[in-house]
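# Observations on the three-dimensional arrangement
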Amino acid sequence: MLLPNRAWQTRPFEDMCRRQKTYNRIKAEVRQIVADELQRIQSDPELQHLLQNK
């Protein structure tokens, strides 16, 4: 009689954790890119008009 392989039961959770970590890393990278670009535009007199002043 073969015993059931239980490794597949933990794999979806591990995959979900890995996907969440990847998502969080990419989200942080995108936020940093946007912040850097906003700062670059704000400091460039020729590009400042592209931002709305609030």
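If you're wondering where the values come from, they're calculated on a predicted model, not measured in any experiment.

Scanning the protein for helices and strands turns up one helix and zero strands. Across the 54 residues in the protein, those meeting the buried criterion constitute 4%. Taken as a whole, the protein presents about 5600 Å² of accessible surface, with 57% of it coming from carbon and sulfur.

Turning our eyes to something else, we now look at the pattern of salt bridges. With the rule as written, the count across this model stands at three salt bridges. For Arg18, the salt bridge goes to Asp15, with nearest N and O atoms at 2.6 Å. Placement of both Arg18 and Asp15 in helix α1 (residues 7–43) is noted, with a separation of three residues, approximately one turn of the helix. A salt bridge links Arg40 to Glu37; the nearest nitrogen and oxygen atoms lie 2.7 Å apart. Residue Arg40 and its partner Glu37 are located together in helix α1, separated by three residues, close to a single helical turn.

Rules used throughout
Residues numbered from 1 in each chain as written. Predicted model: local features only at pLDDT ≥ 70, side-chain atom pairs only at ≥ 80, totals over all residues. Heavy atoms only, no water. Helix = DSSP H or I, 4+ residues; strand = E, 2+ residues; numbered from the N terminus. Buried < 20%, exposed > 50% of the residue type's maximum accessible area, 1.4 Å probe, protein only. Areas by Shrake-Rupley, 256 points an atom, 1.4 Å probe, with all protein chains shown as cover. Salt bridge = Lys/Arg side-chain N within 4 Å of Asp/Glu carboxyl O.

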